[in-house]
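Understanding the architecture of this molecule
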Amino acid sequence: MAKTRRQIQQNLPLIDLVAELIDARVPVSSRNPELPALIGNKPHMVLLNKCDMADADVTAQWSAYFDAHQQSVLCLDSKSGKGFSQFIPQVKTVLTPRLAQLQAKGMAGRTLRIMVVGIPNVGKSSFINRLAGASRAKVANRPGVTRGNQWFLIGKGVELMDTPGVLWPKFEDQRVGEHLAFTGAIKDSILDIETLAVRLLECLLPRYGQLLAARYKLEPGFEQMEGYALLCEIGRRRGMKISGGDVDTERAAAMLLEEFRNVKIGRITLERPEEAAINAGL
Ligand code: G4P
């Protein structure tokens, strides 16, 4: 992280704007809280990526939240391209003072340079590929393997710079690690898979209980169950038994996490603006 911090700071003078990708399902946990201090007063856009996987109502709340903090924000789906047509126009809006400054210096046509930052697996490669064309950047399919410092010409007088190094989130808060493990941003090995699935159920029950009930055909009263009992019930409903008739909870846990990550349970957001202890530098 120290190396990445240094590299970001070294490259800052070269760029006009920082585009920070975050995961719309976990907008707090997928941010690095050091970033605002790192980039100082450089113009900054927040890109809420993976909006297609998140709860649309909560995404709208997040958008309003960032707006209220005078933080430019754009909702994106890097898989389908939804929201992308607004990217360049919004960059130009954010950079209005900078564009006026360039014009005054007789440099009106100068290429705008954008640094793209984000934690692993947030969709940085997908975002850059979509803007720059698939031939320019290769999508990494494992967390943490996004390439080094590279520039991509995306047309219309704009260049993107992929962040050198890897910007890790902050794991000091246990919840951050859990939420990133639920979404698959970090490997399952931080917790055993059953504990992770039980924690996920405990997080989903208060707000998304009805999605669980619909997906796993749960009987009324499931809301009062503890996480482990609920995991057993879900496994039972799916016929996941081991010899002797007990539920294969490990299989049930793997299935639950896989279905959550593939949006089979539904579009879910785990963090809301009103409950988020967000860093001051928003
Ligand atoms: P990174 O460079 O930040 O590490 O992330 P990358 O683009 O490799 O994306 C990580 C995973 O997230 C990929 O899935 C990618 O397809 C998916 N992804 C990125 N943005 C979006 C989005 O807006 N919506 C949805 N639904 N998915 C997104 P993968 O399973 O690793 O690969 P694959 O499904 O592309 O084969």
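Now for a look at the structure at hand. Once a new chain begins, its residue numbering starts again from 1 and follows that chain's sequence as written. With the structure being a predicted model, the display of local features is reserved for residues of pLDDT at least 70 and the display and counting of side-chain atom pairs for 80 or more, all residues being used for whole-chain, interface and lining totals. Computation of side-chain values: all heavy atoms of the structure, hydrogens and water removed.

1. Focus on the packing of helix α9 (residues 227–237) against helix α10 (residues 249–261)
When two helices pack together, their arrangement is captured by the angle between the axes and the distance separating the axes. It is the contact of α9 with α10, at a shortest axis distance of 9 Å, that shows an interaxial angle of 90°. Overall, the two elements α9 and α10 adopt an arrangement that is roughly perpendicular. Residue-level inspection shows Tyr228, Leu231, Cys232, Ile234 and Gly235 of α9 in contact with α10, the latter providing Thr249, Ala252, Ala253, Met255 and Leu256. Of the residues that constitute the contact of α9 with α10, the class distribution is eight nonpolar, two polar and no charged. Every angle, taken between N-to-C directions, lies between 0 and 180 degrees, and every axis is a line fitted to C-alpha atoms, over only the stretch in contact when it is a helix. Only DSSP runs of H or I with at least four residues qualify as helices, and only runs of E with at least two residues qualify as strands; both kinds are numbered from the N terminus onward. The cut-offs work like this: below 35 degrees is roughly parallel, past 145 is roughly antiparallel, 65 to 115 is roughly perpendicular, and the gaps in between are oblique. By the convention used here, residues are in contact when the closest approach between their heavy atoms is within 4.5 Å. Note that Gly is not counted as nonpolar here; it falls among the polar residues with everything else outside the nonpolar set of Ala, Val, Leu, Ile, Met, Phe, Trp, Tyr, Cys and Pro and the charged set of Asp, Glu, Lys and Arg.

2. Looking at the packing of aromatic side chains
Pairing of aromatic rings covers Phe, Tyr and the six-membered ring of Trp, with a centre-to-centre limit of 6.5 Å; geometry is then stacked below 30 degrees between planes, edge-to-face above 60, and tilted otherwise. Following the criterion strictly, the structure yields five aromatic pairs and no others. Ring centres of Tyr65 and Phe66 lie 5.9 Å apart, and the angle between their planes is 85°; on these two criteria the pair is classed as edge-to-face. Grouping residues by exposure puts Tyr65 and Phe66 together as buried. Between Phe84 and Phe127, the ring centres sit 5.6 Å apart and the planes meet at 45°, which makes this aromatic pair tilted. Separated by 43 residues along the polypeptide, Phe84 in the loop between β3 (72–75) and α4 (87–94) and Phe127 in helix α6 (residues 124–132) bring together distant segments of the chain. Taken as a pair, Phe84 and Phe127 share a single burial class, namely buried. One aromatic cluster is present, built from ring pairs that chain together Trp62, Tyr65 and Phe66. Only when the NZ of Lys or the CZ of Arg is both within 6 Å of the ring centre and within 35 degrees of the ring normal is a charge said to sit over the ring. Lying across the ring of Phe84, Arg130 places its NZ or CZ 6.0 Å from the centre. Buried means the residue's accessible area, taken with a 1.4 Å probe over protein chains only, is under 20% of the maximum for its type, while exposed means over 50%, and partly exposed covers the values in between.

Read these as spatial facts, not as claims about activity.
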